Amino acid sequence: MAPDNKLATVSDAPAPAALKPPVEPAALAHRDLLTGEFWRRIPAYAQVSEAEFLDHKWQAKNSITNIAKLLAALEGLVSDAFIADAQRGFERAPMSVRVSPYLLSLIDWSHPDGDPLRTQFIPLGSRLLPDHPRLDLDSLHERVDMPVPGLTHRYTDKALFLALDTCPVYCRFCTRSYAVGIDTEEVSKFQLKVNAERWQQTFDYIRSRPELEDIVISGGDAYQLRPEQITLIGETLLSIDHVRRMRYATKGPAVMPQKILTDDAWTDALTRVVEEGRRRHKEVVLHTHFNHPREITSITKAAMDKLCERGITVRNQTVLQRRVNDSIDTMTLLVRRLGYVNVHPYYIYMHDLVRGVEDLRTTLQTGLDIEKGIRGATAGFNTPTVVVDAPGGGGKRDAHSYEHYDRTTGVSVFTAPAVHPGEVYFYFDPISLLPPEGQARWADPAEQARMIDEARSAAITAKH
Ligand code: SF4
C-alpha cells in the first residue's frame, strides 16, 4: 500500500531495469541433490540394488559397528597410511563406532582427508589436538539437573527425556558421549538403557510437575525406539494435561533416511502420535540433525516429502564444526537446502567442549560471522539462531548475547537470568585458533585461573 493509504499508480512501479535479474542456475545449487546409484562407487556395495539400498533393514544390518570392520571396508578405497591414521584416531576416541552404508557412500573417498562427512565420523590421529584444560565430559552438566536418571529438568517449562542410549550412527562430536553407545577404551558410560521402571519414574515426575509443557524425547536417538515404544511414550505424554509440546529427536533422516521410506511400522507410529496430538490441540514434531549440505540427497527429499504429506513438521539443529561447515558458503547452502526439503533450520550450536574432538571446535567469532553472513539468504523463519549451550548448565544462549568476549584468550562470558539468575558461564575458544599471546597464557597453568577471573570482572563491569 502506498503512503497515506492511496493505491499505487502504474507510474509508481519500478522501472524494468531496476528489477532483480533472474539468478544463474549455478546459484540454485541447493536444489542440486545427489541422485542415482551413488553407493555403487564403494566396492563393497557395487552389486547392491536400489531396492536393497533403500531397505532400512539392509542399512541397519550392514551398518559397521567395530573399528576393524570399518577399516577393512576402506581397504582398496584409501591408502594404508590413511587407515593407520584412522586406527590411531579411534584409539583415542570417546565414542563407539557405528556408520551406515548410506553415510559411507556419501564420503568422497578420493579425498578422505578433507571430506566433511568423514571428518564427523572417522577420527584421524594426525588431526587430534589436546583437550582444552577446562573441558569436562558432561560439559552441559545434564546429570546435575536430573531428578530421575535420564530426565534433565533445567528450563522451567521443558524437560529432556533420554529414553535410550543407542543411535543409528555414532558421531564424534556427540555431547552425550558420557552415556551414548557402549564403553570405549577411554570412557565407561553412564547407563541410559531402555528400562520400564526408569520410564515410569520419568512419566510420574512429568505428571507431578504442572509447569512442564514441553518434552524432548532423545537419547541416544528416537530412530532406535521400536514403534510400540514411540506409541507408548507419545500416548502417555499426550495424556498428561499440562504437556503441550513434544519433539522426537533423531539424527536418522541425515544418516539413514531409508527408514522413513521403508519402515512403515515406525513411520506410521510417529504419524499416529502426531495426529493424536493434533486431535488434542498439542504439537508433536520431529527434530533432526543435518550438519552439511551433502547429507541431503534425493533419498532424503523423498523421505521428507513423505513426512510433509503426513503433516509432520521437521526442524534441524546443526553443530558448527571446523573443516565441516565453518564457512558462510557451506552454511548458506545447508540452510537453503534444508528449506528446499521442508526442514526448518532451527539452531546452529557452537560445538560443546567434548573430550577428544578439539580439532572439530572453532571460535565464537566464527559463529558470529556465520550468523551475520547467512541472515538474509532466505526467510527469517528458516534462518537458524547461533547458540552456545553454556558449559556448566546455563542452557542455550544466543551467541551474540555474551557479556564479554576476549578474542585473545578466547574466553567468553554468558549469563542465563531465566535459568540460573546471578550465575555466570564461560565458553572457551579452542587454544589452537588463538593468537600467540593467548596460546602462551594457556600454556602457563598459573595464568589459566587469572584469565577466567579477568573475564568475569570484565563481564560484571560491562553489566554495570
Ligand atoms: S546421533 Fe545424536 S546422540 Fe547419537 S551419537 Fe550422534 S549426536 Fe550423539
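These notes cover the structure that comes with them. (Residues numbered from 1 in each chain as written. Predicted model: local features only at pLDDT ≥ 70, side-chain atom pairs only at ≥ 80, totals over all residues. Heavy atoms only, no water.)

## Here's the deal with the pattern of salt bridges
Just so we agree on the cut-off: Each salt bridge in this description consists of a side-chain nitrogen of Lys or Arg and a carboxyl oxygen of Asp or Glu lying within 4 Å of one another. We count a stretch as a helix when DSSP gives it H or I for four or more residues in a row; a strand needs E for two or more, and each element gets its number in order from the N terminus. Partly exposed describes any residue whose relative accessible area lies between the buried limit of under 20% and the exposed limit of over 50%, with all areas from a 1.4 Å probe on protein chains only and scaled to the type maximum.
On inspection of all chains with the given rule, the structure shows 25 salt bridges. The salt bridge involving R315 is made with E283; its shortest N-O contact spans 3.3 Å. Residue R315 is found in strand β6 (residues 314-319), and its partner E283 is found in strand β5 (residues 283-288); the two are separated by 32 residues along the sequence. Under the relative-accessibility criterion, E283 is labelled partly exposed at 35%. Through salt bridges with shared partners, one network takes in D157, E213, D214, R245 and R247.

## Overview of the site of the ligand
Quick reminder of the rule: We call a residue near a molecule or strand when any one of its heavy atoms sits within 4 Å of it. All residues other than Ala, Val, Leu, Ile, Met, Phe, Trp, Tyr, Cys, Pro, Asp, Glu, Lys and Arg, Gly among them, are scored as polar; the first ten of these are nonpolar and the last four charged.
Taken together, the neighbourhood of the ligand is formed by M95, C167, V169, Y170, C171, C174, G220, D221 and K251. Among the residues forming the shell around the ligand, the class breakdown is 6 nonpolar, 1 polar and 2 charged.

## Observations regarding helix α3 (residues 67-74)
For the record, the criterion: This arc corresponds to the set of directions leading from the helix axis out to the C-beta atoms.
For α3, the complete set of buried residues consists of L70, L71 and L74. The buried side chains of α3 occupy one side of the element, clustering within an arc of 95° when seen end-on. Turned more than 90 degrees off the buried face of α3, the exposed positions are A68 and K69. Two residues or fewer past α3, G76 is found with a positive phi of approximately 90°.

## Some thoughts on the packing of α3 against helix α4 (residues 80-91)
The condition is simple: Here, axes are lines fitted to C-alpha atoms. For helices the fit covers the stretch in contact, and angles between N-to-C directions go from 0 to 180 degrees. For classification purposes, an angle smaller than 35 degrees is called roughly parallel, one larger than 145 roughly antiparallel, one from 65 to 115 roughly perpendicular, and anything else oblique. Left-handed is the label given to a crossing in which the near helix is rotated counterclockwise from the far helix by less than a right angle, and right-handed is the label when the rotation is clockwise. Contacts were defined at the residue level, with two residues in contact if any of their heavy atoms lie within 4.5 Å.
Interhelical geometry of α3 versus α4 gives an angle of 160° and a closest axis separation of 10 Å. The angle between the axes of α3 and α4 places the two elements in the roughly antiparallel class. Between α3 and α4 lies a crossing of right-handed hand. Packed against α3, whose contacting residues are I67, L70, L71 and L74, the element α4 presents F82, I83, A86, Q87 and F90 at the interface. Its residues placed into classes, the contact of α3 with α4 shows 8 nonpolar, 1 polar and no charged.

So yeah, pure geometry; function would need other evidence.
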